[in-house]
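Examining the three-dimensional arrangement
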Amino acid sequence: MSKILIRGAKVLGGEPQDVLIDGETIAEVGNGLSAEGATVVEADGKILLPGLVDLHTHLREPGREDSETVLTGTRAAASGGYTAVFAMANTFPVADTAGVVEQVWRLGKESGYCDVQPIGAVTVGLEGKQLSELGAMHDSAAGVTVFSDDGKCVDDAVIMRRALEYVKAFGGVIAQHAQEPRLTEGAQMNEGVVSAELGLGGWPAVAEESVIARDVLLAEHVGSRVHICHLSTAGSVEIVRWAKSRGIDVTAEVTPHHLLLTDELVRSYNPVYKVNPPLRTERDVMALREALADGTIDIVATDHAPHPHEDKDCEWAAAAMGMVGLETALSVVQHTMVETGLLDWAGVAERMSFKPARIGSLAGHGRPIAPGEPANLTLVDSAYRGVVDPAGFASRSRNTPYEGRELPGRVTHTFLRGRATVVDGNLA
């Protein structure tokens with residue numbers, strides 16, 4: 001069993017310490033630890049975090065391997081400091097049976113760059129008409145606990161209620177893509193001043209907020225758990241805050257791009273900024289940051305949505321919605337939350353590792369950096385600043401909104417159960 005000594009790392013941003021990895025676990029944490037028989041990683045005051053966990057990743061396999069595969073997606077995840085990702089169900093075929101989720105889970109086992117936990121579809125074919133094999137997916141080798149029709153909203157209240165009731169039996173959670181479809185027909189961007197000036201179909205905030213309001217009440221009624229995907233408006237924040245004040249079992253996520261980018265960027269008509277839900281206003285961005293800081297929003301999730309070149313390099317109306325995000329997420333969070341003083345590094349660990357693992361009931365991840373714990377770790381050079389160049393991405397797709405933008409921070413090492421998947425910023 002190999003030994004690795006990480007020397008002089010700031011654990012969760014605290015005082016420098018040494019961390020000794022022995023095999024798959026953390027053996028010791030302290031000062032002046034012996035390096036005998038160990039490979040030494042000189043951290044020089046870099047930030048040591050638990051391996052990041054993404055509750056919202058699109059790996060596209062099976063069916064859209066031109067966009068991403070489990071292998072390339074997990075390589076991208078490792079590059080961004082992630083040791084586990086939850087793979088969304090909108091594949092081809094849809095992950096709505098035990099067979100498909102087990103296929104994705106086994107592909108993750110074979111990739112070796114990070115753990116892959118499949119998310120099962122709530123409804124058959126994501127069509128919103130009939131519940132999927134929720135129990136069979138949970139009882140499969142993949143052990144699915146999170147279910148979502150992400151990409152489509154479970155807009156039928158009866159179906160949503162039945163799903164919440166069903167997963168309650170085994171402690172599962174329904175992750176809702178909150179989008180009232182009738183209110184967003186023909187929508188191309190956020191409804192507001194910019195959409196009016198550009199003459200593009202508007203996507204009103206109420207289309208998201210009305211679904212969240214309904215679903216937290218349904219969750220309260222049946223006593224089940226609901227998770228809100230990619231929350232994007234100030235009004236949604238207030239609904240979730242109200243629901244939590246009532247003791248409703250609701251959690252919520254925000255994406256890095258909704259913490260930074262606004263609908264003003266759509267003036268360029270560059271389809272790289274076309275995303276679901278759409279980029280909102282500066283007011284919404286500020287509300288999202290504050291809500292993430294105060295715990296109303298529980299976690300950061302990437303909604304990593306890779307697309308091939310031809311699906312984005314076209315006119316705005318025809319372009320696919322989505323952005324890649326695994327390799328830039330931590331940098332955007334450092335820029336928007338740490339450098340603004342809204343979060344410290346311990347807070348980042350809570351929102352990008354500890355809580356996502358808890359929400360998804362994922363064992364072995366989101367654990368303290370302490371002796372006896374699995375050695376799933378991420379070492380970050382927070383002093384680094386660099387310009388984003390998608391040509392260097394591990395992802396198969398390049399649809400990033402940050403190309404040419406300077407962002408802080410760089411993952412120098414990622415460890416999955418003691419094995420280095422990233423060394424000196426390069427995939428191992």
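Here's what I pulled together on the structure shown here. (Residues numbered from 1 in each chain as written. Predicted model: local features only at pLDDT ≥ 70, side-chain atom pairs only at ≥ 80, totals over all residues. Heavy atoms only, no water.)

Grouped together as the largest cluster of nonpolar side chains are 75 residues, with contacts concentrated most on Leu-231, Leu-330 and Met-352. Every residue in contact with Met-352, bar those within four places of it in the chain, is listed here: Leu-52, Val-53, Tyr-82, Val-300, Ala-329, Leu-330 and Val-333. Core analysis: the second largest hydrophobic core is formed by 19 residues, Val-272, Trp-316, Met-323 and Val-332 among them. (Core = buried A, V, L, I, M, F, W, Y, C linked by side-chain atoms within 4.5 Å. Buried < 20%, exposed > 50% of the residue type's maximum accessible area, 1.4 Å probe, protein only. Contact = heavy atoms within 4.5 Å.)

In space, the three strands of this open sheet follow the order S6-S7-S8, with parallel pairing throughout. Where the open sheet ends on each side, the last strands, each with one partner, are strand S6 (52-57) and strand S8 (115-118). Put simply, the sheet's adjacent strands are angled 20° from each other on average, direction ignored. Sheet topology places strand S7 (residues 82-87) next to S8; four bridges connect them, and they run parallel. When the bridges of S8 are listed, Phe-86 appears paired with Gln-117. Across the sheet, helix H2 (residues 98-111) touches S7 and S8, and the angle it forms with S8 is around 175°. (Pairing = 2+ DSSP bridges. Helix = DSSP H or I, 4+ residues; strand = E, 2+ residues; numbered from the N terminus. Axes fitted to C-alpha atoms, helices over the stretch in contact; angles between N-to-C directions.)

Now for the packing of helix H11 (residues 329-338) against helix H12 (residues 345-359). At a minimum axis distance of 11 Å, the contact between H11 and H12 shows a crossing angle of 130°. Relative to H12, the element H11 lies oblique. In this structure, the crossing between H11 and H12 has a hand that is right-handed. Within the contact between the two elements, H11 uses Ala-329, Leu-330, Val-333, Gln-334 and Val-338 and H12 uses Trp-345, Val-348 and Met-352. Along the lines of polarity and charge, the residues of the contact of H11 with H12 split into seven nonpolar, one polar and no charged. (Parallel < 35°, antiparallel > 145°, perpendicular 65-115°, else oblique. Left-handed = near helix turned anticlockwise from the far one by under 90°. Nonpolar A, V, L, I, M, F, W, Y, C, P; charged D, E, K, R; others polar.)

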